[in-house]
Amino acid sequence: MDAYILLGSFFVLILIGTPVAYAMGMAALVGAWYIDIPLDAVMIAIANGVNKFSLLAIPFFVLAGAIMAEGGMARRLVAFANVLVGFIRGGLSLVNILASTFFGAISGSSMADTASVGTVLIPEMEKKGYPRDFATAVTVSGSVQAILIPPSHNAVIYSLAAGGTVSIAALFIAGVLPGLLLGLTLSIMCLYMARKRNYPKGDVIPLKQALKTCADALWGLMTMVIILGGILSGVFTATESASIAVIWAFFVTMFIYRDYKWGELPKLVHRTVKTLSIVMILIAFAASFGYIMTLMQIPMKITAALTSLSDNRYVILALINGLLLVLGTLMDMAPLILILTPILLPVIKTIGVDPVHFGMIMMVNLGIGLLTPPVGGVLFVGAAVAKLPMEQVVKALMPFFGALLLVLVAVTYIPALSLWLPGLLLAK
């Protein structure tokens, strides 16, 4: 009965329009009252939820991504990707996906990726003869790479939701191969569609201009080297790498590229703090919600329920995938990670799935949810940037959903995609 009280109050609050963060906090208070736990314990859980050193990675990575996004990095990455693949038939769609790979490895945010790359490439693709809805579909589906490729903000949130038992560095490295697999799968599909629909070829960039473009983009690409190189070499931790990334992003934007005005910096910081305040409130209230769930033994009860359906690992993973895909259409990614991770981790440990591997499964599932109505945040951003009705973008996305589901199956049932690289690079 206690589980029904907690979860029921949460969903009732959501249905009457309460923001997710506050719904979790209020449901935690209702649950604590029902099981006769002092409300002070809930307040302590809220405070402890944000009193973690590893949490500093999120604001620093968000700020670094914002500086690079608004400082001209997206335009330079698009130009660099155009040098590499723009001359192929359908090359601009490949440029779009490759630019998302590069920018995702800097911003760690699918929404920032969609807004930055889409603003540059959607109009350019339309001008070159691509349908505007196709260009938008390529942009939003390619941006899912940012969820997987380091430095993914959501990987940090997953680590926190797991109680800090899953290494952020391991999650970062684990996302490299699934992220590249996603980009490769989307690229193959775009090449097939370009040949079938006779999309145009681009021009070969003259060598002198290509070298200048590559040199210009190199400063931004060094951000990836700093983040991953520092972590793998042991020079600094994943959290410390975020602060180094901010310093580097600031230096490159203000002293190398010099496209951004100094007077705009306070506004950028204000927007970043505004965004982060929402994230931090969400994490704090999710901690209290998870605390009450643990006291009510809800994770153990769900583990028993799922394992009673089948003792086959693959069947249970399929059921979990179905659950995540459905919930991903109804709620945003960060709150789902915070709510579901404490519930599902005992399940996947029982069936012998590595928590790092499960982190990648969850990222791909909920990444697909970002593209699906009614609450697909990346879908909304893409439609707004392209100035298209959401229904038209969803229709154009249908083939891309097939590619994304194919990647989901591969990531779910081939653990080596997620675990081989961390085992190789992070082995003691």
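As a reminder, the structure under discussion sits directly above these lines.
Values in this document were obtained by computation on a predicted structure and should not be read as measured data.

Draft legend 1. The arrangement of the environment of R132 in detail. Inspection of the secondary structure assignment puts R132 in helix 8 (residues 132-142). For R132, the contacting residues outside a window of four places in its chain are I122, P123, E126, V385, A386 and L388.

Draft legend 2. Quick peek at the packing of aromatic side chains. Taken as a whole and assessed by the stated rule, the structure comprises 16 aromatic pairs. The interplanar angle of 40° and the centroid separation of 5.0 Å between the aromatic rings of F134 and Y199 together place this pair among those described as tilted. Of this pair, F134 sits in helix 8 while Y199 sits in the loop between helix 12 (176-197) and helix 13 (207-233); the two residues are 65 residues apart in sequence, bridging distant segments of the chain. Overall, F134 belongs to the buried group, its relative accessible area being 2%. Each ring, one from F250 and one from W262, has its centre 5.6 Å from the other, and the planes form 80°; the classification is edge-to-face. With a gap of 12 residues between them, F250 in helix 14 (residues 238-257) and W262 in the loop between helix 14 and helix 15 (265-295) connect regions that are remote in the sequence. We classify W262 as partly exposed; its relative accessible area is 49%. A connected cluster of aromatic rings, assembled from ring pairs, spans W219, W248, F250, F251, F255 and W262. Its guanidinium or amino end placed over the ring of Y257, R76 lies 3.8 Å from that ring's centre, counting from NZ or CZ.

Draft legend 3. Quick peek at unusual backbone geometry. In this structure, the amide linkage connecting P150 to the following residue, P151, adopts the cis form with an omega of 5°. Relative to the assigned elements, P151 resides in the loop between helix 9 (145-148) and helix 10 (153-161). Phi is positive for D36, which is not a glycine, with a value near 65°. When you line up the elements, D36 lands in the loop between helix 2 (20-34) and helix 3 (39-50). In this structure D36 comes out as exposed when scored by relative accessible area, which is 68%. Phi at N198 is positive, roughly 60°, even though this residue is not glycine. Relative to the elements of secondary structure, N198 occurs in the loop between helix 12 and helix 13.

Cut-off values and rules
- Residues numbered from 1 in each chain as written.
- Predicted model: local features only at pLDDT ≥ 70, side-chain atom pairs only at ≥ 80, totals over all residues.
- Heavy atoms only, no water.
- Helix = DSSP H or I, 4+ residues; strand = E, 2+ residues; numbered from the N terminus.
- Contact = heavy atoms within 4.5 Å.
- Phe/Tyr/Trp six-rings, centres within 6.5 Å; stacked < 30°, edge-to-face > 60°.
- Buried < 20%, exposed > 50% of the residue type's maximum accessible area, 1.4 Å probe, protein only.
- Lys NZ or Arg CZ within 6 Å of the ring centre and 35° of its normal.

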